[in-house]
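These are the residues of each chain, in order.
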Amino acid sequence: MLPAVPNLLDYDLDALLAWFSELGEKPFRANQVMRWMHHEGCDDFDAMTNVAKGLRAKLKEQAQIRAPALLRDSLSSDGTRKWLFDVGDANAVETVFIPESGRGTLCVSSQAGCALDCVFCATGKQGFSRNLSTGEIIGQLWLANKLLGAAAGGDDGEARENGRVISNVVLMGMGEPLTNFDNVVAALRVMFDDHAYGLSRRRVTVSTAGIVPAIDRLREECPVALAVSLHAPDDALRDRLMPVNHKYPLRDLMAACRRYLERAPRDFVTFEYVMLGGINDSDAHAHALIALTRDVPCKFNLIPFNPFPRSGFVRSPAGRVRDFAKLLLDSGIIATTRKMRGGDVAAACGQLAGQVRDKTRRTAAYPLQTMEDALS
Ligand code: SAH
C-alpha cells in the first residue's frame, strides 16, 4: 500500500532536496533532516531540535519516516543476527548481520521473492512478489543500525568507539538487485552519502545473477563493488542451474564484467560459486572456470551449498571444496571459501526464504513458511 504521505526513507539526497524545494525550504534543511534520519536513526520530527519549529510542524503533517516493521529478531550462536521484516501484503524479507573481526557486514534484500528461479536457491523457489521500495531497502540498514546500537541515538558506546558497527553492505539477500535497478541505486546513493551512512563504494557490493544490460547501467550510473553469481563454467550447465543464462550467456556476461572493471571502485570482480556435490565441483569444472575467466581480473568465493527442504542438491564434501580451491589458487586466482554463518537460524546464503506471497506460481509446491519453520 502506498503511504498517504511521502516516506523520507525513500529519498536520496537529491530527491530530498527537490522535495524540500517544492515545500519552499532551503537546501541545508534537507541536509539536516537527512542527518537526523540516518546518523541519529531518528524517525520523530519533533526530536529534530535544530530544525525550525514551523518546518517540524509542516514535516509532521506532510511526511513520515518509516522503516519496514520488524517481525522477528534471531541471534545465531556464532553471532550472526537475522531480522525478518514485514513489507506488507503477506510478504516478509530477511536481513542478516555478520560480525567478523575488524568488520561487520549487513546483507540486505532487494525484492520480496525473486523471479530468476535459480534451482539451488530457497528464495527462487518461492517465486516473485514485488520489488522493494528504496525506503524498504534502506530501511533495513536504518533499523539494523539502530538495533545494533550503532546510530548515535543507540546506547552501545563501545561499539561506536571502535568504528562503524556496519562497515560493509552486500546486496546478497533475497532478490535480484539489478532487476530493481532504480530503487536499488537510490538506496546505494543513501549508503554513500556523508549526510547518511558515508560508506565507500568499495565497501558496498551488489551481487547479480548476471543481468548484462543492468551491469552496464550500474557501471555508468553508480559503480560499486560487483559480485557475479557464476555457479557453472559452461552454458549447458549454467542454463540448467540458472535460467537467466538463456538470456545472458557466459560470453556476454564475461564481456560485461570486463567493461564493468573499467569504472569499478575495485579492480576485480568477485565470482560466487555455489559448490553443488556431483554437479559443478569436479576438477574439469575448475579447469574450465580458469579458462573462462582468463581475461577477467577476478576472485572466487566458493559457497558450500546450504541445504533447504526439497532442494534436491547436496553440498560438496569439504575435501572437494579444498581441492577445487587449490586448482584455482594454483592457476593464480584468489579463491576463498565462504564460512557457513548463521546456519542455526537459517541465515546462510540461499536459505533466506522470508515469507512471500507468490504472485506468479507454485505456492502449492512450496507452501508459505519461513525457513525456521521448515527446518524445525
Ligand atoms: N540475485 C543475486 C543476489 C543473491 S545473492 C545473485 O544471484 O547474485 C545470494 C548468493 O547466494 C548468490 O550467489 C546465490 O547464487 C547464492 N545461493 C543461492 N542459493 C544458495 C544455496 N542454497 N547455498 C549457497 N549459496 C546459495
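Draft legend 1. Structural detail: the overall build of the protein chain. Of regular secondary structure, the protein chain possesses 14 helices and twelve strands. Counting across all 376 residues of the protein chain, residues that qualify as buried make up 56%. Taking the contacts inside the protein chain whose residues are at least 6 apart along the sequence as the reference set, 67% of them involve residues at least 24 apart. Roughly 15700 Å² of accessible area belongs to the protein chain as shown, and the carbon and sulfur atoms make up 51% of that amount.

Draft legend 2. Here's a closer look at helix H11 (residues 250-261). Under the 1.5 Å per step criterion, the end-to-end length of H11 is 17 Å for twelve residues, consistent within 8% with the ideal 16 Å. Every buried residue belonging to H11 is among Leu 250, Leu 253, Met 254, Ala 255, Ala 256, Cys 257, Tyr 260 and Leu 261, and all of these are buried. In this structure, the buried side of H11 is in contact with helix H8 (212-221), strand S9 (225-229), helix H9 (235-241), helix H10 (244-247), strand S10 (269-275) and helix H12 (283-292).

Draft legend 3. Quick look at the pairing of S10. Here S10 lies mainly inside the structure; six of its seven residues are buried. Where S9 and S10 come together, three bridges link them in parallel fashion. Of the residues in S10, the one forming a bridge with Val 228 is Phe 271. Of the crossover connections in this fold, the one passing from S10 over H12 to the parallel strand S11 (residues 298-304) is right-handed.

Draft legend 4. Up close: helix H13 (residues 318-330). Relative to the 18 Å expected for 13 residues at 1.5 Å per residue, H13 spans 18 Å between its end C-alpha atoms, a close match to the ideal helical length. Summarising the contacts, the buried residues of H13 are in contact with S10, H12, S11 and strand S12 (334-337). Where H13 ends, the next residue or the one after it, Gly 332, has phi of about 100°, a positive value.

Draft legend 5. Region of the structure containing the confidence of the model for the protein chain. Here the protein chain averages 90 in pLDDT, while 88% of its residues score no lower than 70. Here residues 361-376 is modelled with pLDDT under 50, and outside its nearest four sequence neighbours on either side it reaches 47 contacts, counting other chains as well.

Draft legend 6. Summary view of the pattern of salt bridges. With the rule as written, the count across this model stands at 14 salt bridges. Of the charged contacts, one joins Asp 73 and Arg 81 as a salt bridge, the two residues approaching to 2.7 Å between their closest N and O atoms. Relative accessible area serves as the criterion here: at 18%, Arg 81 is assigned to the buried category. For Glu 100, the salt bridge identified is with Arg 103, shortest N-O distance 3.1 Å. Glu 100 sits in the partly exposed class, given a relative accessible area of 31%. On the basis of relative accessible area, Arg 103 is assigned to the partly exposed category, the value being 41%.

Draft legend 7. Structural context of the site of the ligand. In the vicinity of the ligand, 19 residues are found, and the nearest of them are Phe 120, Ser 207, Ser 229, His 231 and Asn 306. In the environment of the ligand, an oxygen atom lies 2.6 Å from a nitrogen or oxygen atom belonging to the side chain of Ser 207. Taken by itself the ligand offers 540 Å² of open surface, and the protein chains cover 95% of this. Looking at the shell around the ligand, the elements that each hand over two or more residues are strand S8 (204-208) and S10. Class assignment for the residues of the shell around the ligand results in nine nonpolar, eight polar and two charged.

Draft legend 8. How the structure looks around the environment of Met 34. By the secondary structure assignment, Met 34 is in helix H2 (residues 27-38). A residue is classified by how much of its surface remains accessible, and Met 34, at 0% relative accessible area, is buried. With 23 residues separating them along the chain, Met 34 and Tyr 11 place their C-alpha atoms 9.2 Å apart. Sequence-distant contacts of Met 34, that is, excluding residues within four places in its chain, are made with Tyr 11, Asp 12, Leu 13, Leu 16, His 39, Val 190, Asp 193, His 195 and Ala 196.

Draft legend 9. Structural view of the sheet that holds S11. Taken in spatial order, the ten strands make up an open sheet running S1-S2-S3-S4-S7-S8-S9-S10-S11-S12, and their pairing is mixed. Taken across any chain shown, the strands that pair with only one partner, and hence form the sheet edges, are strand S1 (69-75) and S12. Strand after strand, the sheet turns through a mean of 20° between neighbouring axes, direction not considered. Pairing of strand S7 (residues 168-171) with S8 involves three bridges; the strand directions are parallel. Counterpart to Val 169 in the pairing with S8 is Val 204. Where helix H5 (residues 134-147) meets the sheet, its contacts fall on S1, strand S2 (81-86), strand S3 (92-100), strand S4 (103-107) and S7, and the angle it forms with S2 comes to roughly 130°.

Draft legend 10. Structural view of the side chain of Gln 64. Relative to the assigned elements, Gln 64 resides in the loop between helix H3 (53-62) and S1. In this structure the side chain of Gln 64 is engaged in a polar contact, spanning 3.2 Å, whose partner is the backbone oxygen of Val 5.

Thresholds, definitions, all that
Residues numbered from 1 in each chain as written. Predicted model: local features only at pLDDT ≥ 70, side-chain atom pairs only at ≥ 80, totals over all residues. Heavy atoms only, no water. Helix = DSSP H or I, 4+ residues; strand = E, 2+ residues; numbered from the N terminus. Buried < 20%, exposed > 50% of the residue type's maximum accessible area, 1.4 Å probe, protein only. Contact = heavy atoms within 4.5 Å. Areas by Shrake-Rupley, 256 points an atom, 1.4 Å probe, with all protein chains shown as cover. Expected span 1.5 Å × (residues − 1). Pairing = 2+ DSSP bridges. Right-handed = clockwise from strand over helix to strand, strands pointing away. pLDDT = per-residue confidence, 0-100. Salt bridge = Lys/Arg side-chain N within 4 Å of Asp/Glu carboxyl O. Near = heavy atom within 4 Å. Polar contact = N/O pair within 3.5 Å; in protein donor to acceptor, adjacent residues only side chain to side chain. Nonpolar A, V, L, I, M, F, W, Y, C, P; charged D, E, K, R; others polar. Axes fitted to C-alpha atoms, helices over the stretch in contact; angles between N-to-C directions.

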